[in-house]
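Descriptive structure summary
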Amino acid sequence: MPARTAARSGAPQRVDFHAHSFLTDGTTSATEMWTEAEALAHRALALTDHLSLDDPKPLLDRLHREASAWDGTGFLPLVGVELTKVPPRRIADAARAARRAGAEIVIVHGETIVEHVPAGTNHAALESGLVDVLAHPGLLEPKDAELARANAVALEISARRGHALCNGRVVRRALEAGAELVVDSDAHGVGELVPLEMARRIALGAGVPESELARVLRETPERILRRARQH
Ligand SMILES: [Zn+2]
Ligand SMILES: [Zn+2]
């Protein structure tokens, strides 16, 4: 039986930094997403609804109100944003505005090959030093993988169809550069959340070696969670 690298004292360990509610293009409420994640033994799920250059505050205030229902429980409902199709020269400003407005997690909608994402988005996100995860980076360049390592930005292995087409390249570049990886669902509804065992299989399928699974599924998420709580 393969090592259960992420299991520790029976506590749920699945941490997912990327999901959407109907506040943008998801199909259910944030509350329903978090309720389902808790039922699937997640430790934390970030709701990262799409944001461009509009005011992040109404979105984040609403998510924080819903998240407060888990105060004092063991589950962590993280409140965040996915900066989406922001002109690259404005990504750092948008990330700063989201942090100021209460975002615990800031991710950027990277250069997936299945959509038109402005060229330079990956680089601007990684350079800003204000982003936790670069989502679905697509045809990631080696020098951007180096930048991810230098600025401690995790690169995303995506469970989402289409975005997942470049997972193999993202993993290879990350391993070459020593950059961190996470497995995110990018769920737009409760049926798309990814329990720990499936996250493990997706990581292995994308080329993460067994020896790196603990780093991808536990150590990197723990580091990002510690940083999220400092904001
Ligand atoms: Zn995205
Ligand atoms: Zn997304």
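Presented here is an overview of the structure given in this document. Since we're looking at a predicted model, the values are computed, not measured.

By the burial criterion, the buried members of helix H6 (residues 167–177) are Asn-167, Val-170, Val-171, Arg-173, Ala-174 and Ala-177. Looking straight down H6, one finds that the buried residues subtend no more than 165° of arc, so they occupy a single side. Where H6 is buried, its residues touch helix H5 (142–150), strand E6 (154–158) and strand E7 (181–184). One or two residues past the end of H6 sits Gly-178, with phi positive at roughly 80°.

To continue, consider the pattern of salt bridges. With the rule as written, the count across this model stands at 17 salt bridges. Across the salt bridge formed by Lys-85 and Glu-115, the nearest N and O atoms sit 3.0 Å from each other. Taken as a pair, Lys-85 in the loop between strand E3 (76–83) and helix H3 (91–100) and Glu-115 in the loop between strand E4 (105–109) and helix H4 (121–128) lie far apart in primary sequence, 30 residues in all. Of the residues examined, Lys-85 reaches a relative accessible area of 41% and is grouped as partly exposed. Looking at Glu-115, the relative accessible area reads 29%, which means it is partly exposed. For the salt bridge of Arg-227 with Asp-132, the shortest nitrogen-to-oxygen distance reads 2.8 Å. Of this pair, Arg-227 sits in helix H8 (residues 213–230) while Asp-132 sits in the loop between H4 and strand E5 (133–135), and the two are 95 residues apart along the sequence. Linked through salt bridges whose partners overlap, the residues forming this network are Arg-90, Asp-93 and Arg-96.

For the structure on display, the rule yields 2 aromatic pairs. Pairing Trp-34 with Trp-70 gives two aromatic rings, centres 5.8 Å apart and planes at 75°, and the pair type is edge-to-face. Taken together, the positions of Trp-34 in helix H1 (residues 30–39) and Trp-70 in the loop between helix H2 (57–67) and E3 put the pair 36 residues apart, joining distant regions of the chain. Both residues of the pair, Trp-34 and Trp-70, count as buried. Put simply, the rings of Trp-34, Trp-70 and Phe-75 pair up and form one aromatic cluster.

For the rest of this paragraph, the subject is the sheet that holds E6. Adjacent strands of a sheet form backbone hydrogen bonds with each other and so pair up, either parallel or antiparallel. Strand order across the open sheet formed by 7 strands is E1-E2-E3-E4-E5-E6-E7, with parallel pairing between neighbours. With partners counted over all chains shown, the strands left at the sheet margins are strand E1 (14–16) and E7, one partner each. For this sheet, the mean angle separating the axes of adjacent strands, direction not counted, is 30°. In the sheet, E5 pairs with E6 via 2 bridges, with the strands oriented parallel. Bridge assignment links Leu-134 to a residue of E6, and that residue is Leu-155.

Further remarks concern the coordination of the zinc ion (ligand 2). Only His-18 (NE2), His-20 (NE2), Glu-82 (OE) and Asp-186 (OD) from the protein coordinate the zinc ion (ligand 2), and they sit 2.0 to 2.3 Å from it. Between the donor residues of the zinc ion (ligand 2), the gaps in sequence give the motif H-x1-H-x61-E-x103-D. The distance between the zinc ion (ligand 2) and the zinc ion (ligand 1) comes to 3.3 Å, with Glu-82 serving as a donor to both metals. For the pair shown, His-18 and His-20 are each scored as buried.

Thresholds, definitions, all that
- Residue indices begin from 1 for each chain and proceed along its sequence in written order.
- Labels follow written order: the first chain is A, the first ligand is 1, and so on.
- Per-residue local features of the predicted model are confined to residues with pLDDT of at least 70, and side-chain atom pairs are confined, for both listing and counting, to 80 or more; whole-chain, interface and lining totals are unaffected and use all residues.
- Values reported for side chains reflect all heavy atoms of the structure, with hydrogen atoms and water molecules removed beforehand.
- Per-residue accessibility, obtained with a 1.4 Å probe over protein chains only, is compared with the maximum for each type, and a residue is labelled buried under 20%, exposed over 50%, and partly exposed between these values.
- Working definition: helices are DSSP H or I runs of at least four residues, strands are E runs of at least two. Numbering for both runs from the N terminus.
- This arc corresponds to the set of directions leading from the helix axis out to the C-beta atoms.
- We call two residues in contact whenever any of their non-hydrogen atoms come within 4.5 Å of each other.
- By definition here, a salt bridge exists when the distance from a side-chain nitrogen of Lys or Arg to a carboxyl oxygen of Asp or Glu is within 4 Å.
- Stacked, tilted and edge-to-face are the three classes applied to pairs of Phe, Tyr and Trp rings, where Trp contributes its six-membered ring and a pair requires centres within 6.5 Å; stacked means planes under 30 degrees apart, edge-to-face means over 60, and tilted covers the rest.
- If DSSP finds at least two bridges between two strands, the strands pair.
- Axis definition: a line fit to C-alpha positions, over the contact stretch in the case of helices; interaxial angles, taken between N-to-C directions, run 0 to 180 degrees.
- Note that water is not among the atoms considered, so a metal site may appear incomplete; the donors listed are N, O and S atoms within 2.8 Å of the metal, with 3.2 Å applied to Na, K and Ca.

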